[in-house]
Amino acid sequence: MYRLSGVSKRYRRGKQTIDALDGIDLTIDQGDKLVVQGPTGGGKSTLLQMLGGLDKPTAGSVELDGTDLAKLSEARLTKVRASTIGFVFQSWNLIPTLNARENVEAALVPLGVRAKERRRRAAGALESVGLGERLTHLPSELSGGQQQRVAIARAIVKEPKVLLADEPTGNLDEDMRDEIMAVLESLWRERGLTFVMVTHDSSIARKAPRLAVIRKGHIKVSENTRA
Amino acid sequence: MFFTYLRRELRRRRKAAVVVALGLALGIGLVITVASVSTGMRDAQDEVLHSLYGVGTDLTVTKEKAEAEEGGAKPQRFSIGGGADGEDTKRTDDNLMPLGGFENLDDSVVDQVRQQDGVAAAVGALALTDMQFKGEFKPGEIKQDQPEPGEKPKERRMFVGGGGADVDVDSFTVTGVDVTESGVGPLSSSKISGGSGFTASDTNALKAVVDSAYAKDKDLQVGDTVTIKGKKFEVSGIATADTGASVSNVYIPLKRAQDLADVDMKGKVSTVYVKADSSDDIGAVKSAIDKNVDGATVTSSADLAEQVSGNLSTASDLANNIGKWLSIAVLIAAFLVAGLLTMSAVSRRVREFGTLKAVGWRSGRVVRQVMGEAFVNGIIGGALGIALGVGGAWLVSTVAPTLTATTGGEQGGPGGGPGPIGKALRSANESVEIALHAPVTLDVIVLAVVLAAAGGIIAGCFGGWRAARLRPADALRRVE
């Protein structure tokens with residue numbers, strides 16, 4: 001699925017150069033679940049952006065199903081994001097003026113899905129995360145956990161191959177966290193998604209079958225046979 | 001999705017949308033009001049020129065009198081016939097004299113002018129003054145000093161005494177017009193409001209058209225007669241000047257005027273009225289006549305417009321200069337404010353647009369969304385602006401300030417003469433009062449819509465440019 005070879009990402013911040021990623025090699029197979037941990041500023045989110053085609057590496061290649069995302073044009077990358085990759089963000093990133101169903105529909109707009117079909121699929125996706133009764137609620141009318149469910153529905157409505165989650169439980173209390181993790185876990189299992197999640201939460205990391213720890217741009221991957 | 005998103009966003013950012021729309025509305029409203037007032041000014045000026053010049057007349061040709069001889073210009077003379085001893089002392093005299101100050105032209109000049117390139121029509125007119133004296137002239141008697149009683153006889157002084165006059169003087173202007181051409185000439189600035197005007201067969205008719213103001217003053221009606229140089233002319237029509245002063249009190253056929261004048265005016269005209277093929281040709285026609293007709297003074301409405309002063313002129317300058325630049329300045333400011341506010345709104349929505357790009361929205365789609373919102377803002381501003389502008393124009397029209405156009409001066413200046421222009425220019429401080437109206441034309445509304453759309457698009461470009469440059473990774477990183 002994913003094959004990262006010698007991936008480096010260097011930022012310039014004023015006169016300072018920051019190596020967010022430094023020659024990372026990583027392979028993620030179809031249907032894998034990888035949890036990424038590490039200190040703040042260690043390069044976790046940068047890795048996720050490389051996997052999601054949101055950013056390009058300074059050096060190295062990020063192959064997704066044999067296609068090097070680093071070499072794709074912005075338009076092609078946008079297409080890949082629209083069709084293959086679902087994102088879940090820590091702050092949910094919902095459009096505040098659109099209701100739950102419209103927020104989910106927004107992910108189908110670039111795929112050219114007709115309005116009626118969009119509405120049907122968006123309602124189905126919300127149903128699958130337990131929000132079938134909240135279709136017309138605005139984000140401001142939903143709790144944090146419900147907003148994150150909407151964000152998850154938006155990520156899965158296009159039936160992506162990959163689900164990338166950047167600290168999806170970071171803003172939630174423990175009960176909500178467990179609820180959201182249960183939803184993500186079941187989606188991963190039921191849909192055979194390739195699931196990569198960045199988290200600070202060690203309790204979540206302990207349950208992951210594969211754990212990657214990133215420090216100062218370097219990665220160390222370990223297998224968890226007990227998970 | 002596009003319209004739902006657009007509508008909700010505009011509702012969410014109501015305050016910013018209202019500020020942008022009001023800014024654009026102010027600019028567009030000002031443009032409409034100023035444009036309408038300018039149109040009103042132009043109409044008022046046209047009306048003034050029209051009243052002085054006549055519809056259909058683009059140029060007039062006159063001839064200035066040569067320098068006066070030393071000792072000043074000769075005064076006009078008229079005579080009152082005396083009677084022999086013992087005759088009745090009651091007298092009625094009628095003098096029909098050409099207006100002074102300008103030389104008359106041979107009517108061959110009319111043909112000469114007519115033959116110039118770009119001339120559609122040219123007619124001659126002869127302006128005269130009829131001065132009638134009616135009353136009793138009592139001759140004086142030769143008398144001798146009488147000695148006082150007891151006074152020593154001395155040489156007696158002879159003197160004339162006891163004479164005098166009790167005379168009514170009636171003076172009015174008479175213009176001889178070419179009855180074969182009604183579209184151009186001194187009568188073209190008037191409408192026949194009663195009876196009928198001249199026809200081509202009236203060349204030698206004893207028919208007169210009387211100005212309505214003069215007819216009212218003298219209680220003349222169609223079918224009455226006016227006496228000019230002893231000839232009775234039947235009033236066939238009443239002419240009402242479109243605006244302001246009329247050219248003449250009485251109009252009669254040109255040939256009759258030439259025949260009746262006290263001095264030999266046969267084959268003479270005082271003014272040639274010219275109509276050009278098109279308004280674009282006026283300059284060329286003027287040059288051609290200047291060049292080819294000896295001693296001609298050619299005056300166009302533009303020359304006349306330059307001599308129109310008074311608060312109409314001042315207000316017109318104000319509307320055309322300060323008003324125009326003020327509108328442009330406000331409009332530019334409104335566009336800039338709209339653009340900057342849109343950019344700022346995009347900056348506040350970095351996460352939103354970054355997220356949309358992350359889920360697969362192309363930059364073009366995001367830019368379209370921003371442009372759409374700005375465009376609708378512009379249209380709302382345009383609609384408000386049209387309402388404001390129409391309101392402003394309506395207010396001006398309702399208040400309808402009276403503007404005064406003053407023409408001429410003692411010196412007459414170029415283009416003077418016995419015609420309407422001469423009349424306007426010679427009469428110091430002759431004023432025409434016009435009520436200012438500010439018509440909102442379709443052109444102005446179209447201009448407003450175009451400006452509103454332009455304002456929206458410009459604002460959208462600012463915002464769109466900002467949105468297009470957003471990279472999703474940067475947008476999401478900034479949130480962190």
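Keep in mind it's a predicted model, so treat the numbers as computed, not measured. (Residues numbered from 1 in each chain as written. Chains lettered and ligands numbered in written order. Predicted model: local features only at pLDDT ≥ 70, side-chain atom pairs only at ≥ 80, totals over all residues.)

Helices and strands together make up the secondary structure of chain B, namely 13 helices and 19 strands. In chain B, which comprises 480 residues, the proportion classed as buried is 44%. Considering only contacts within chain B whose residues lie at least 6 apart along the sequence, 84% involve residues at least 24 apart. (Helix = DSSP H or I, 4+ residues; strand = E, 2+ residues; numbered from the N terminus. Buried ≥ 20, exposed ≤ 12 C-beta atoms within 10 Å, placed from the backbone. Contact = placed C-beta atoms within 7 Å.)

Looking only at helices and strands, chain A has seven helices and ten strands in total. With 227 residues in all, chain A has 49% of them scored as buried. Sequence separation of at least 24 residues holds for 68% of the intrachain contacts in chain A that already meet a minimum separation of 6.

The next thing to look at is the UniProt feature "transmembrane region" (unreviewed entry) in chain B. Residues and elements named next belong to chain B. When the UniProt feature table is mapped onto this chain numbering, "transmembrane region" (unreviewed entry) sits at residues 325–346, 374–396 and 444–468. The span residues 325–346 is 100% helical and 0% strand by assignment, and the distance between its end C-alpha atoms comes to 31 Å. Structurally, residues 444–468 comprises 100% helix and 0% strand, and the distance from its first C-alpha atom to its last is 35 Å. (UniProt positions renumbered as here; feature names shortened; annotations may be inferred.)

Residues and elements named next belong to chain A. Read from one edge to the other, the open sheet built from six strands follows the order β6-β7-β8-β3-β9-β10, with strand pairing classed as mixed. Looking at strand neighbours, the two that pair on one side only are β6 (85–88) and β10 (218–223), the edges of this open sheet. The sheet shows a mean angle of 20° between the axes of neighbouring strands, taken without regard to direction. Contacts from helix α1 (residues 44–51) reach β3 (33–37), β7 (162–166), β8 (194–198) and β9 (210–215), with the element oriented near 155° to β8. (Pairing = 2+ DSSP bridges. Axes fitted to C-alpha atoms, helices over the stretch in contact; angles between N-to-C directions.)

Quick look at the interface of chain A and chain B now. In many reports, interface size means the accessible area that the parts give up when they come together. With 23 residues of chain A in contact, the opposing surface of chain B contributes 20 residues. Taken together, the elements giving at least two residues each to the side of chain A that touches chain B come down to α1, α2 (74–84) and α3 (100–105) of chain A. Considering every element that reaches the side of chain A that touches chain B, the biggest residue donor is α2 of chain A, with four residues. Across the side of chain A that touches chain B, the residue classes tally to twelve nonpolar, six polar and five charged. (Nonpolar A, V, L, I, M, F, W, Y, C, P; charged D, E, K, R; others polar.)

All names here are of chain A. Looking at the secondary structure, you find Leu193 in the loop between α6 (174–191) and β8. Exposure remark for Leu193: the 23 C-beta atoms within 10 Å place this residue in the buried category. Between the alpha carbons of Leu193 and Gly86 there is a distance of 10.0 Å; along the sequence they are 107 residues apart. Beyond its immediate stretch of four places on either side in the chain, Leu193 contacts Lys161, Val162, Leu163, Leu187 and Trp188.

As a further point, take unusual backbone geometry. All names here are of chain A. Here the phi dihedral of Asn93 falls at roughly 50°; this positive angle occurs in a residue that is not glycine. Relative to the helices and strands, Asn93 is located in the loop between β6 and α3. Using a count of 24 C-beta atoms within 10 Å as the deciding quantity, one classes Asn93 as buried. Of note, Glu167 is a non-glycine position whose phi angle comes to about 45°, a positive value. Within the secondary structure, Glu167 is located in the loop between β7 and α6. Assessed through the 22 C-beta atoms surrounding it within 10 Å, Glu167 is described here as buried.

Here the focus is helix α10 (residues 363–399) of chain B. Under the 1.5 Å per step criterion, the end-to-end length of α10 of chain B is 53 Å for 37 residues, consistent within 8% with the ideal 54 Å. Residue Ala400 of chain B follows α10 of chain B closely and has a positive phi angle near 45°. (Expected span 1.5 Å × (residues − 1).)

Here helix α6 (residues 282–292) of chain B has its buried residues at Ile282, Val285, Lys286 and Ile289 of chain B. Projection of α6 of chain B onto a plane perpendicular to its axis shows the buried side chains occupying an angular sector of 100°, all on one side. (Arc of directions from axis to C-beta.)

Let us look at the packing of helix α5 (residues 144–156) of chain A against α6 of chain A. Residue and element names in this part refer to chain A. Between α5 and α6, the shortest axis-to-axis distance is 10 Å and the interhelical angle comes to 15°. Regarding the angle of α5 to α6, the classification is roughly parallel. Judged by the sense of rotation from one axis to the other, the crossing of α5 with α6 is right-handed. Residues Gly144, Gly145, Gln148, Arg149, Ile152 and Ile156 of α5 form the contact with α6, whose own contacting residues are Met176, Glu179, Ile180, Val183, Leu184 and Leu187. Partitioned by chemical class, the residues of the contact of α5 with α6 number seven nonpolar, three polar and two charged. (Parallel < 35°, antiparallel > 145°, perpendicular 65-115°, else oblique. Left-handed = near helix turned anticlockwise from the far one by under 90°.)

Now for the sheet that holds strand β1 (residues 2–13) of chain A. Residues and elements named next belong to chain A. Across the sheet, which stays open at both edges, the four strands sit in the order β2-β1-β4-β5 with antiparallel pairing between neighbours. Sheet topology places β2 (16–28) and β5 (67–68) at the edges, where each strand pairs with a single neighbour. In this sheet, β2 lies alongside β1 in antiparallel orientation, the contact comprising nine bridges. Opposite Arg13, over in β2, you have Gln16 as the bridge partner.

What follows concerns the pairing of β7 of chain A. Residues and elements named next belong to chain A. Here β7 lies mainly inside the structure; five of its five residues are buried. A two-sided burial pattern is seen for β7, the buried positions comprising Val162, Leu164 and Asp166 on one face and Leu163 and Ala165 on the other. Two strands pair when backbone bridges link them, and β6 and β7 are joined in this way by four bridges, in the parallel orientation. Along β7, the bridge assignment pairs Val88 with Ala165.

Residues and elements named next belong to chain B. Between helix α1 (residues 2–12) and α10, the shortest axis-to-axis distance is 10 Å and the interhelical angle comes to 55°. Judged on the interaxial angle alone, α10 and α1 are oblique. Read as a crossing pair, α1 and α10 show a hand that is right-handed. Between α1, through Phe2, Tyr5, Leu6, Glu9 and Leu10, and α10, the contact on the second element is made entirely by Gln369, Gly372, Glu373 and Val376. Here the contact of α1 with α10 is built from residues that sort into five nonpolar, two polar and two charged.

A few words now on the environment of Ala59 of chain A. Residues and elements named next belong to chain A. Position of Ala59 among the secondary structure elements: in strand β4 (residues 59–64). Residue Ala59 is classed as partly exposed on the basis of its C-beta count, with 14 C-beta atoms lying within 10 Å. Measuring from C-alpha to C-alpha, the distance between Ala59 and Ile24 comes to 9.9 Å, with 35 residues separating the pair along the chain. Leave out the neighbours within four places in its chain, and Ala59 touches Gly6 and Ser8.

Another aspect to go through is the confidence of the model for chain B. Keep in mind that low pLDDT regions are not for reading the predicted coordinates in detail. All names here are of chain B. Predicted confidence across chain B gives a mean pLDDT of 78, with 77% of residues reaching 70 or more. When the criterion is pLDDT under 50, residues 69–73 qualifies, and its contacts beyond four places in sequence or with other chains add up to one contact. Across residues 409–422 the pLDDT falls below 50, and counting only partners more than four positions away or on other chains, this stretch makes 56 contacts in the model. Reported confidences for the modelled complex are a pTM of 0.63 and an ipTM of 0.92. (pLDDT = per-residue confidence, 0-100.)

All names here are of chain A. Relative to the helices and strands, Arg206 is located in helix α7 (residues 202–206). The exposure class of Arg206 is exposed, given the 12 C-beta atoms found within 10 Å. Residues Arg206 and Val35, spaced 171 residues apart in sequence, show a C-alpha to C-alpha distance of 9.2 Å.

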